[in-house]
Amino acid sequence: MKQFAPAIAFFSAVLLLAAPIHGAGAAEAQRSKAAKPAKTAKAKAKPAKPKARPVKKAVAVAAASKAIDYSGEQVNFAEWQAVRDFADEMVAKHGFERAEMDALLRQVRFVESAVQLVKPAPPGKPKNWQAYSERFIEPIRINAGVRFWNENAEALARAEATYGVPAEILVGIIGVETVYGRDTGRFRVLDTLTTLAFAYPEAPNQAARAAFFRGELENTLLLARHERIDPFSLLGSFAGAVGLPQFMPGNILKYGVDFDGDGHIDLRGSTGDAIGSVANFLVQHGWNPLDKAPAVIQVSVAPSRAWEPLLERGLSATLRAEELLGAGVTPDLPLPPERLYGLVDLQNGADPTEYWAASDNFFAITKYNRSYFYAMSVLDLGRAVREARADQLL
């Protein structure tokens, strides 16, 4: 891989060649997994005439304006010792030039809003699944999902055939994450990741979280070099997630797929790449394409509460059907005996909690965002879009 071109030549070339894009978070990096870059044309030390690139299908619900939506504080990160150590590591480990690293870091802004947003929410109202669900299973998002499915039917069908992930799951994730490209985020990824890597707020897990964001900053620079894009062109969520599916930069490098076959992985501008990458991520995190049964089956629980120790067993299916039945869990539908399950509780505030028997395919979605509410919203939105689309085709 080639180095960044000298600062002025590199950034001027990118400004001439880069296509506009957007970004936001596989639900924020605090709780997930995933991320996203758009494709821009290649820039070299001495800008050459770019090769013609295939015309891509425009993102259906892309935001018109790509301006950043915060005022970052202009600080000289290059003077911070921890940042200088990071720059030294990028030089020694990956062959970046030190002068170019310093020039880049001098342009990075400190984003106080990212520091505030990454803090855990104060204790408040009890969890409420129905209130959460209503934010995602609503007419605007469903209608946008139908349009997205219609416009990308070929890529969705091909991804389903290639990876074994149903189209409705892929549609559900992209809809929950960014409303099909409408809300992908307007923070410069370099700004937010540098801020969180070196000024993460005080917390019990401060060191681990700062290390995570430091790693994602490293991944961002590697990704920008590999795709030959201006790293400052990457816009995303306050936690650094990018593109339609809100992948973190490291997940783009690990799980991103050039599904449209143009030689680049572009999760900001290519719906095909976004669709293929989400499918690949899920398969790599445990989605079983041979399991065609519903990912969740609603259950009722006995008053004896012998089932309580089966809760909170982590994000994987470890229980046999007979274990659930023996603990007083009664499914609405028969539980396929060859599967393993997890017992999932969806709290509804003052209203009764819902309980579900969840398969490994459900838990694969939680690897995208570590939340039962999130995974269930993906399932519900995907199903709602599928049903609305079927009604439309009648």
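Keep in mind it's a predicted model, so treat the numbers as computed, not measured.

**Description of the overall build of the protein chain**
In step 1: Per the secondary structure count, the protein chain includes 15 helices and 9 strands.
In step 2: Within the protein chain, the fraction of its 394 residues that count as buried is 55%.
In step 3: Taking the contacts inside the protein chain whose residues are at least 6 apart along the sequence as the reference set, 78% of them involve residues at least 24 apart.

**Remarks on the nonpolar core**
In step 1: Counting residues in each nonpolar core, the largest one holds 100 residues, and the members touching the most others are Leu170, Tyr180, Phe213, Leu282, Phe362 and Ile365.
In step 2: Here this core gets 10 residues from one element, more than from any other, and that element is helix α15 (residues 372–393).
In step 3: Ignoring any residue separated from it by four or fewer positions in sequence, one finds Ile365 in contact with Ile169, Leu282, Trp287, Tyr374, Ala375, Val378 and Leu379.

**Regarding the sheet that holds strand β6 (residues 319–320)**
In step 1: Strand order in the open sheet formed by 5 strands is β6-β8-β9-β5-β7, and the pairing between neighbours is antiparallel. Here the strands that pair on one side only, and so sit at the sheet edges, are β6 and β7 (329–331).
In step 2: In this structure, strand β5 (residues 296–301) lies alongside strand β9 (residues 351–358), joined through 4 bridges in antiparallel fashion. Residue pairing in the sheet places Val296 in a bridge with Ala358 of β9.
In step 3: Here α15 sits on the sheet in contact with β5, β8 (340–348) and β9, set at roughly 100 degrees to β8.

**Regarding the packing of aromatic side chains**
In step 1: Summed over all chains, the structure comprises 19 aromatic pairs.
In step 2: For the pair Phe77 and Trp80, a centre-to-centre distance of 4.7 Å together with 55 degrees between the ring planes defines the contact as tilted.
In step 3: Taking 5.9 Å as the distance between ring centres and 65 degrees as the angle between the ring planes, the aromatic pair formed by Phe247 and Tyr368 counts as edge-to-face. Taken together, the residues Phe247 in the loop between β4 (235–236) and α11 (249–255) and Tyr368 in the loop between α14 (360–366) and α15 connect sequence positions 121 residues apart. Exposure class is identical for Phe247 and Tyr368. Each is buried.
In step 4: Members of the aromatic cluster, connected to one another through ring pairs, are Phe247, Tyr255, Phe281, Tyr368 and Tyr374.
In step 5: Geometry around Tyr132 places Arg135 over its ring, the cationic atom sitting 5.2 Å from the centre.

**Overview of the pairing of β8**
In step 1: Across the 9 residues that make up β8, a large majority, 7, are buried.
In step 2: As paired elements, β8 and β9 share 6 bridges and run antiparallel to each other. Directly across from Val344, in β9, lies its bridge partner Trp356.
In step 3: Here β8 folds back onto β9 in antiparallel fashion, the turn holding 2 residues, of which Gly349 has a positive phi close to 65 degrees.

**Focus: helix α7 (residues 153–163)**
In step 1: Of all the positions in α7, only Ala155, Leu156, Ala159 and Tyr163 are classed as buried. Looking down the long axis of α7, one finds its buried residues gathered within 100 degrees of arc, a one-sided arrangement. Facing away from the buried side of α7 by over 90 degrees, the exposed positions are Glu154 and Ala161.
In step 2: Lining the buried residues of α7 we find α6 (139–151), α8 (167–178) and α12 (271–284).
In step 3: Backbone geometry just after α7 places Gly164 at a positive phi near 80 degrees.

**A look at the confidence of the model for the protein chain**
In step 1: When pLDDT is averaged along the protein chain, the result is 85, and 82% of the positions lie at 70 or above.
In step 2: Throughout residues 1–65 the model reports pLDDT below 50, and contacts reaching past four residues in sequence, or to other chains, amount to 233 contacts.

**With respect to the pattern of salt bridges**
In step 1: Taken as a whole and assessed by the stated rule, the structure comprises 14 salt bridges.
In step 2: Put simply, Glu168 and Arg386 hold a salt bridge, and the shortest N to O gap is 2.5 Å. Taken together, the positions of Glu168 in helix α8 and Arg386 in helix α15 put the pair 218 residues apart, joining distant regions of the chain.
In step 3: Given the relative accessible area of 19%, Glu168 is considered buried.

**Side note on helix α2 (residues 81–94)**
In step 1: For α2, with 14 residues, the first-to-last C-alpha span of 19 Å sits near the 20 Å given by 1.5 Å per residue.
In step 2: When we look at burial in α2, the residues that qualify are Val83, Phe86, Ala87, Met90 and His94. Considered in projection along α2, the buried side chains sweep an arc of 100 degrees and stay on one side of the axis. The exposed residues of α2 that point more than 90 degrees off its buried face are Gln81 and Ala92.
In step 3: On its buried face, α2 is in contact with α3 (98–105), α9 (189–198) and α10 (206–227).

What counts and what doesn't
- Residues numbered from 1 in each chain as written.
- Predicted model: local features only at pLDDT ≥ 70, side-chain atom pairs only at ≥ 80, totals over all residues.
- Heavy atoms only, no water.
- Helix = DSSP H or I, 4+ residues; strand = E, 2+ residues; numbered from the N terminus.
- Buried < 20%, exposed > 50% of the residue type's maximum accessible area, 1.4 Å probe, protein only.
- Contact = heavy atoms within 4.5 Å.
- Core = buried A, V, L, I, M, F, W, Y, C linked by side-chain atoms within 4.5 Å.
- Pairing = 2+ DSSP bridges.
- Axes fitted to C-alpha atoms, helices over the stretch in contact; angles between N-to-C directions.
- Phe/Tyr/Trp six-rings, centres within 6.5 Å; stacked < 30°, edge-to-face > 60°.
- Lys NZ or Arg CZ within 6 Å of the ring centre and 35° of its normal.
- Arc of directions from axis to C-beta.
- pLDDT = per-residue confidence, 0-100.
- Salt bridge = Lys/Arg side-chain N within 4 Å of Asp/Glu carboxyl O.
- Expected span 1.5 Å × (residues − 1).

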